[in-house]
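# Descriptive analysis of the structure
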Amino acid sequence: MQLTRFTDYSLRVLMYLAYKGETLSTIAEVSTSHAISESHLTKVVHQLGKLGYVTTLRGKGGGIRLARAPQEINLGEVIRSTEESPNIMECLSPGYGEGCRIFNVCRLKHVLRDAETAFFHHLDGYTIADLVPPATVKLPFATGSDKIIPSVS
């Protein structure tokens, strides 16, 4: 299974904000740190806000930060909520069946469903806090002033 860029960027934003703690960050800062387009990150942050992972403060002195403690943000939950379809194959989607001639007798879908279940069970054992180094660890710099979190992709 390959995660979408949207999920990758979502995880990068959450990890970055977790590393920054209560300090407000900006989309521009995250964009520069990860070399990701601001317009892409704006969409990501908007969705993360709607999902309750990020708080956004508008206006002068505004910014973004985590809406909850990093140890309360489950990795499996984030991936399920940011992926269009967390299914490994289309046939695992609810209501599927008409698109495959062997659907009713296929054993592959059961093997893949078990693999998918194991994948998410493993991710459910981690939180964003597990992915972030302690604040005492100096991270690489993107521009000489912004700390970055390594890519998860």
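Read on for a plain summary of the structure. (Residues numbered from 1 in each chain as written. Predicted model: local features only at pLDDT ≥ 70, side-chain atom pairs only at ≥ 80, totals over all residues. Heavy atoms only, no water.)

What follows covers helix H5 (residues 108–123). Taking 1.5 Å as the rise per residue, H5 with 16 residues should run 22 Å; its terminal C-alpha atoms sit 23 Å apart, in good agreement. By the burial criterion, the buried members of H5 are Lys109, Leu112, Glu116, Phe120 and Leu123. Down the axis of H5, the buried side of the element spans an arc of 70°, and every buried residue falls inside it. Among the exposed residues of H5, those pointing more than 90 degrees away from its buried face are Val111, Asp114 and His121. On its buried side, H5 packs onto helix H4 (75–82). (Helix = DSSP H or I, 4+ residues; strand = E, 2+ residues; numbered from the N terminus. Expected span 1.5 Å × (residues − 1). Buried < 20%, exposed > 50% of the residue type's maximum accessible area, 1.4 Å probe, protein only. Arc of directions from axis to C-beta. Contact = heavy atoms within 4.5 Å.)

Glancing now at the nonpolar core. Counting 27 residues, the largest nonpolar core has Val13, Leu14 and Val54 as the members making the most contacts within it. Mapped by element, the contributors of at least two residues to this core are helix H1 (5–20), helix H3 (38–50), strand E2 (63–66), H4 and H5. Ranked by residue count, the leading element in this core is H1, at 9 residues. Residue contacts for leucine 14: discarding those within four places in its chain leaves Leu48, Tyr53, Val54, Leu66, Ile73, Val78 and Ile128. (Core = buried A, V, L, I, M, F, W, Y, C linked by side-chain atoms within 4.5 Å.)

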